[in-house]
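Overview (structure and organization)
These are the residues of each chain, in order.
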Amino acid sequence: MPIITIDGNIGSFKTSILNYFHKTFKIAIDLEPVESWHEFLNNMYTNQTDSTYNFQIKVWMDRCWIQEKSNVLVMMERNPYFIKNVFVEKAREDETINDEQYLILQSLHLKTDQLWKPNAYIYLRSDPEMCMKRITKRARHSEANIQLEYVRRIHELHEKMSGHVDKFVEILLRDKQLSSFKVNMPMNNLNKQNFIRYLSKFDSFLVALNLENDLANIRDEMCADIHQFFYLLKLK
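Residues numbered from 1 in each chain as written. Predicted model: local features only at pLDDT ≥ 70, side-chain atom pairs only at ≥ 80, totals over all residues. Heavy atoms only, no water.

Focus: the environment of Asp-62
Along the chain, Asp-62 turns up in helix α3 (residues 51-64). Since its relative accessible area comes to 29%, Asp-62 is described here as partly exposed. For the pair formed by Asp-62 and Pro-33, sequence separation is 29 residues and the distance between their alpha carbons is 8.0 Å. Those residues in contact with Asp-62 that sit more than four places away from it in its chain are Pro-33, Ser-36 and Trp-37. (Helix = DSSP H or I, 4+ residues; strand = E, 2+ residues; numbered from the N terminus. Buried < 20%, exposed > 50% of the residue type's maximum accessible area, 1.4 Å probe, protein only. Contact = heavy atoms within 4.5 Å.)

A few points about the layout of surface pockets
Looking at the second largest pocket, its volume works out to about 440 Å³. Lining of the second largest pocket is provided by 26 residues; of these, Ile-10, Glu-32, Arg-138, Arg-140 and Glu-143 occupy positions nearest its centre. Among the elements of the structure, α1 (14-25), α2 (38-45), α3, α4 (80-94) and α6 (128-138) are those that each provide at least two residues to the lining of the second largest pocket. Here the lining of the second largest pocket is composed, by residue class, of 12 nonpolar, five polar and nine charged. (1 Å grid on protein atoms, 1.4 Å probe; cavity = no way out; pocket = protein on both sides within 12 Å on 5 of 7 lines; lining within 4 Å. Points joined across faces, edges and corners; volume = space filled by probe spheres on them. Nonpolar A, V, L, I, M, F, W, Y, C, P; charged D, E, K, R; others polar.)

Remarks on the packing of aromatic side chains
The final tally for this structure, using the stated rule, is nine aromatic pairs. Residues Tyr-45 and Tyr-150 carry aromatic rings whose centres are separated by 5.9 Å and whose planes lie at 80° to one another, so their mutual orientation is edge-to-face. With Tyr-45 in helix α2 and Tyr-150 in helix α7 (residues 148-165), this pair connects stretches of sequence that are 105 residues apart. Residue class for Tyr-150 comes out buried when judged on its relative accessible area of 18%. Taken together, a centroid distance of 5.7 Å and an interplanar angle of 35° make the contact between Phe-82 and Tyr-121 tilted. Placement of Phe-82 in helix α4 and of Tyr-121 in strand β4 (residues 120-124) is noted, with a sequence separation of 39 residues between them. (Phe/Tyr/Trp six-rings, centres within 6.5 Å; stacked < 30°, edge-to-face > 60°.)

What about the sheet that holds strand β3 (residues 74-77)?
An order of β2-β3-β1-β4 is seen for the four strands of this open sheet, with the pairing classed as parallel. The strands lining the two open edges of the sheet, one partner per strand, are β2 (28-30) and β4. Between one strand and the next, the sheet's axes are offset by a mean angle of 20°, whatever the strand orientation. Where β2 meets β3, three bridges bridge the pair, whose relative direction is parallel. (Pairing = 2+ DSSP bridges. Axes fitted to C-alpha atoms, helices over the stretch in contact; angles between N-to-C directions.)

This is the structure we're talking about:
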């Protein structure tokens, strides 16, 4: 099934934005099952033995092991690539998982990485201090022990991984084939027609690029995903 993932720090409005897309465009969404993770999160943020490892196994089972076959477009909270390279790496960095547990988690992710990959991803870049304010405001019991330093480090790892994913843009910028491209989408006045119009601008921008070889292939794949998204929207 076509999958678009949305990624970002804790408290970066991922759930709110996904709910907006579902309500406005009737797109199927797959949210993180935070309620069923309550005990795991509480144990992890209070540093109980093996709690981080147990939680990452649970996350892998709930978010990465996807086998359903369908033609329905789904917008999903968090990309397995970010789960592995942000949260598992942070756990290793903090030594809340040992080397053996780290290798087990890597092998599990390798297995599911070969099963499926999202067709596209959206990364929400957010200020860690603002994320911390949102975490405090929404007052989830399982997040009561989250510290600002943790949120800052999660932000840094997201930025690092997003940079790896965006090699396409980085190469273009380095070779001066691309000037900055920006589309301002006011979320308070966004409807289906406006969203399609904004995305069409980006599609036209990609098509107009003078590219060769691998970059042209990547661009063509991106455009194909956009066109598939347009087609699926028309089926609603």
